[in-house]
Structures are given as C-alpha cells and as structure tokens.
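# Structural characterization, general
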Amino acid sequence: MTLLDVKNVNTFYGDSHILFDVSMHVNENEVVALLGRNGAGKSTLLKTIAGALQPKSGTITFNGKEIHNMPTHMIAREGLQLVPEERRIIGGITVHENLELAAMTAPNPMSFERIYATFPRLDERRTNKGRELSGGEQQMIAIARAMIRDARLILLDEPFEGLAPIIVRDLMVVCRQLAEEGRTVIVVEQNVNAVLSMASRAYMLNTGHIVFSGTSDELRSRPDILNRYMGTAA
Ligand SMILES: Nc1ncnc2c1ncn2[C@@H]1O[C@H](COP(=O)(O)OP(=O)(O)OP(=O)(O)O)[C@@H](O)[C@H]1O
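Within each chain, residue numbers correspond to sequence positions counted from 1 in written order. The model is predicted, so local features are restricted to residues of pLDDT at least 70 and side-chain atom pairs to those at 80 or more, both for listing and for counting; the totals for chains, interfaces and linings are taken over all residues.

Applicable threshold: UniProt positions are given in the numbering used here, feature names are shortened, and annotations may be inferred rather than shown by experiment.
In the nomenclature of an unreviewed UniProt entry, the chain corresponds to ABC transporter ATP-binding protein from the organism Yanghanlia caeni. Checking UniProt for the chain, the heading Sequence similarities (unreviewed entry) contains the comment "Belongs to the ABC transporter superfamily."

## Focus: the nonpolar core
Selection rule: In this description, a nonpolar core means buried residues of the types Ala, Val, Leu, Ile, Met, Phe, Trp, Tyr and Cys, linked to one another by C-beta atoms lying within 7 Å. For every residue, the other C-beta atoms within 10 Å of its own C-beta are counted; 20 or more classify it as buried, 12 or fewer as exposed, and values in between as partly exposed. C-beta atoms are placed from the backbone. Secondary structure elements are defined from DSSP: runs of H or I of at least 4 residues count as helices, runs of E of at least 2 residues count as strands, and each element is numbered from the N terminus. The contact criterion used is a C-beta to C-beta distance within 7 Å, with each C-beta placed from the backbone.
Counting residues in each nonpolar core, the largest one holds 66 residues, and the members touching the most others are L34, A144, L155 and V187. Counting residues per element, this core draws most heavily on helix α6 (residues 135-148), which supplies 8 residues. Excluding residues within four positions of it along the chain, L155 makes contact with L46, I49, A50, Q81, L82, V83 and I186.

## Comments concerning the site of the ligand
Operational definition: Near, as applied to residues and a molecule or strand, means the residue's backbone-placed C-beta atom lies within 6 Å of it.
Neighbouring residues of the ligand: Y13, S16, I18, G36, N38, G39, A40, G41, K42, S43 and T44. When residues of the shell around the ligand are traced back to their parent elements, those giving at least two are β2 (16-27) and α1 (42-50). With 3 residues, the top contributor of residues to the shell around the ligand is α1.

## What about the sheet that holds strand β3 (residues 31-35)?
This is how it is decided: Strands pair, by our definition, only if DSSP identifies at least two bridges between them. Between N-to-C directions, angles cover 0 to 180 degrees, with each direction set by a line fitted to C-alpha atoms, over the stretch in contact for helices.
If you walk across this open sheet you meet the 6 strands as β6-β7-β8-β3-β9-β10, and the pairing is mixed. Since the sheet does not close on itself, it has two edges, and those belong to β6 (80-83) and β10 (209-215), each with one partner. Averaged over all pairs of adjacent strands, the angle between strand axes in this sheet comes to 15°, irrespective of strand direction. Relative to β10, strand β9 (residues 201-206) runs antiparallel, the two sharing 6 bridges. Residue pairing in the sheet places N206 in a bridge with H209 of β10. In this fold helix α10 (residues 223-230) packs onto β3, β9 and β10, with an angle of close to 40° to the strand it touches most, β9.

## Some details on the pairing of β2
Bridge count between strand β1 (residues 2-13) and β2: 8 bridges; the pairing is antiparallel. Within β2, the position partnered with Y13 by the bridge is S16. Between the end of β1 and the start of β2, which pair antiparallel, lie 2 residues, with G14 showing a positive phi angle near 60°.

## What about the environment of L196?
Inspection of the secondary structure puts L196 in helix α8 (residues 192-198). Classification of L196 by C-beta neighbours within 10 Å gives buried; the count is 21. The spatial distance from the C-alpha of L196 to the C-alpha of L219 is 8.5 Å, given a sequence separation of 23 residues.

So this is what it looks like as structure tokens:
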C-alpha cells in the first residue's frame, strides 16, 4: 500500500525555485533512499514532506490524507517524523530526559525499555548529559525520539554524516529493524554503498528534478547515473 504520495511538488525559498515538479511515492514498510549531490534539494524535499516548508504547488498525501497544507506538529501527530541533519539534542539534560521530552508530545509513546533494547548504548548513557555524547550517540537519540513518538514514516537526513564506520554499521542495523517493525523510512545519504544496502528503492535528485527512480539493484547496475549525478560509482 502507498503510504506517502508526493505529486508534482514545487518548492521555493523566496524567489528561488528549488524543487521542480517532484513526484515520488513510498510504500508501507519500505526503506527508500533519496540521493543527489550537495545542493540537489534533498533536505528541501524532506522539509517539504514534513511541513517545515510549504510547496507552492503540488500535493502530498500521507496515509490517505492530504498533508501539504498542514502545520508540522499536525503532520507529526499523523505519524510522520523528520530527523534533521543537525539532530537538535538538548545538551543540558540527560539522555533519558531528552527521550522523556519526546514522549510527552506523543499520542501513543513507545516504552523506554523498547528504545533501550534497540539502543543498548543509550541505556548505558541514560544519566549522561546530551552534550557529553558522541556524534553517533546523538544520532541514536535523534532516531530514538522519532521511534518513541511511534512514527509510521521516519525521514532521516544524512544520519551517518561524520560518524565512524562501526557506528554506521550499528545504525544501519537499526534502520533495517525499523522497517521490520512495520515502519517506513526515507533516508538521505551521501554514503551510497551504505544507503543502497538498506534501501529497496532509490530516487536521485539533481538541481531539484527527479532524474532516476528504480530499485537499488537497478541503480547499482547504472554506474553512469551514479557518476553523473553523484560523482561516484557504488
Ligand atoms: N534557507 C534557504 N534559503 C535559500 N536557499 C536555500 C535555503 N536552504 C537551502 N537553500 C538552497 O536550496 C538548494 C537545495 O538545498 P538543499 O539543502 O535542499 O540540498 P541538499 O540536496 O539537501 O544538499 P546538502 O547535502 O548540501 O544538504 C541549494 O541551492 C541551497 O543553496
């Protein structure tokens, strides 16, 4: 079943036209990769889907409901959560308090024990302040907050950026678990190999246009596309 349907979306920053007639869809339980060079419009698309930016035209339907005119907090209540690149962990409070804050605003929060079972590292660091955490641990909290709010669709903006390979491997396992638990994930990443090994399908954005959509296997077999739009062959 289609969970998210983006149709002919055009998004602007002021007079700057950034997304051009972007269409994509995501089925329930899929992990879908969104790829493209720096400045291609990936974050802009995630923000548009999450309601942080309003498209000038086009429609976005989530779980059968039109969401493109809804404010972010209402879209979040519908079960769609953006995990932004900058993570936004609160440094002055503990790991557990960061999670409690997320749970407070959720209609059906997930139990802390399930979160800690998924992230044993956070369990060990429960009483540490946010500012004392490594980049990987901060990313775990950012994903855990979306899980605690019981999001059906999680938008991950460059979750592996700046993280050590061993942490990336752990987070990739978590991303796969999210889909196995019945959640759906869109992941923006520069790390092509990592993201294609998690995602079943991929979209490529270039200067605000979708220039490829297909399965991860199809994209892997097209080094010409990877070279042209990302400057890298997977
Ligand atoms: N707040 C803003 N105001 C004006 N232009 C912006 C703003 N944010 C981004 N842009 C521009 O929009 C275009 C798309 O940016 P976006 O951040 O969506 O790209 P991206 O594919 O996510 O790249 P990156 O990997 O660098 O984050 C770029 O040309 C960028 O300069």
